[in-house]
Amino acid sequence: MQNNRTKTALLLIDVINDLNFPESDAFLQQGIAASINILNMRNYCHKAEVPVIYVNDNFGVWRSDFAQVVKHCTSQSSKGSEISNRLVPSANDYFVLKPKHSGFYCTSLDPLLEFLMCETLILCGFAGNICVLFTGNDAYMREYKIVVPADCIASNSKTENDWALLQMSTLLKADTRTAGELIAANFLDSLTDS
């Protein structure tokens, strides 16, 4: 997948998640709705051969690997199993485990994006007002073009989610059209080298 004709990657941030946090009940409804749109965006990117990178929290379990995280989060005992099972990675997807909010902090994301020759990053995932926003901020500082489909992120409340989208569209110059609007416009073609 080194020949990335669109110079784009899809980052799925914390979508494999056990939702083991106090506000998860408030988050769950938003997260389930967003996960359907994230799946559509992922399928669109797979079809266009755009690299998909799971940028996922390790939940402070330092001896785990991504396979263990997926197994834990997709188990029936996990509150996030519906979302995690919907978005389980394919064999061709990449993954980066992150210890903190930003996908760039203390991870291998920088060299991976360089290897993939990326210029544009599509950010989807959870929580929009924390990990997606912080990853977006770090991507912007690295001069990536940013796309954040508005219906592909979720936060603990609609207010927090709307605030995060406003910050990313205003300060980070992110394209925040919905997944449906982006796919209908075939926006990946506009990123292809002439």
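This structure is a prediction, so every number in the text was calculated from the model and none was measured.

(A) Quick peek at the overall build of the protein. Helix and strand content of the protein: 8 helices and 6 strands. Going from N to C terminus, the protein has its helices and strands arranged as β-α-β-α-α-β-α-β-α-β-β-α-α-α. For the protein, whose C-alpha radius of gyration is 15 Å, the value lies close to the compact-globule estimate of 16 Å for 194 residues. Oriented by its inertia axes, the alpha-carbon framework of the protein measures out at about 50 × 35 × 30 Å. Looking at the 194 residues of the protein, the share that counts as buried comes to 49%. In the structure as shown, the protein presents an accessible area of about 9400 Å², 53% of it carried by carbon and sulfur atoms. In the protein, 15 positive and 21 negative side-chain charges are present, and the distance between their average locations comes to 2 Å.

(B) Looking closely at the nonpolar core. Within the largest apolar cluster, 32 residues are counted, with the highest numbers of intra-cluster contacts made by Ile38, Met41, Ile122 and Phe187. Of all the secondary structure elements, the ones that give two or more residues to this core are β1 (8-13), α1 (24-47), β2 (52-57), α2 (66-74), β4 (120-126), α7 (179-184) and α8 (187-191). Here this core gets 6 residues from one element, more than from any other, and that element is α1. Setting aside anything within four residues of it in sequence, one finds Ile38 in contact with Leu12, Val15, Leu87, Cys124, Gly125, Phe126 and Cys152. Counting residues in each nonpolar core, the second largest holds 27 residues, with Ala9, Val96, Leu113 and Ile146 among its members.

(C) Seen up close, the side chain of Ser24. Mapped onto the fold, Ser24 is located in helix α1. In this structure the side chain of Ser24 is engaged in a polar contact, spanning 3.1 Å, whose partner is the backbone oxygen of Phe21. A distance of 3.1 Å separates polar atoms of two side chains, one belonging to Ser24 and the other to Lys79. Leaving out residues up to four positions away in the same chain, Ser24 has contacts with Leu19 and Lys79.

(D) Structural context of the packing of helix α5 (residues 128-141) against helix α6 (residues 158-171). Packing of α5 against α6 brings their axes to within 10 Å, and their N-to-C directions diverge by 5 degrees. Here α5 lies roughly parallel to α6, going by the angle between them. Contact residues: Gly128, Asn129, Val132, Leu133 and Tyr140 in α5; Glu160, Asn161, Trp163, Ala164, Gln167, Met168 and Leu171 in α6. Considered class by class, the residues forming the contact of α5 with α6 number 7 nonpolar, 4 polar and 1 charged.

Procedures and definitions
- Residues numbered from 1 in each chain as written.
- Predicted model: local features only at pLDDT ≥ 70, side-chain atom pairs only at ≥ 80, totals over all residues.
- Heavy atoms only, no water.
- Helix = DSSP H or I, 4+ residues; strand = E, 2+ residues; numbered from the N terminus.
- Rg over C-alpha atoms; globule rule 2.2 N^0.38 Å.
- Buried < 20%, exposed > 50% of the residue type's maximum accessible area, 1.4 Å probe, protein only.
- Areas by Shrake-Rupley, 256 points an atom, 1.4 Å probe, with all protein chains shown as cover.
- Lys, Arg positive; Asp, Glu negative; His and termini not counted.
- Charge placed at Lys NZ, Arg CZ, Asp CG, Glu CD.
- Core = buried A, V, L, I, M, F, W, Y, C linked by side-chain atoms within 4.5 Å.
- Contact = heavy atoms within 4.5 Å.
- Polar contact = N/O pair within 3.5 Å; in protein donor to acceptor, adjacent residues only side chain to side chain.
- Axes fitted to C-alpha atoms, helices over the stretch in contact; angles between N-to-C directions.
- Parallel < 35°, antiparallel > 145°, perpendicular 65-115°, else oblique.
- Nonpolar A, V, L, I, M, F, W, Y, C, P; charged D, E, K, R; others polar.

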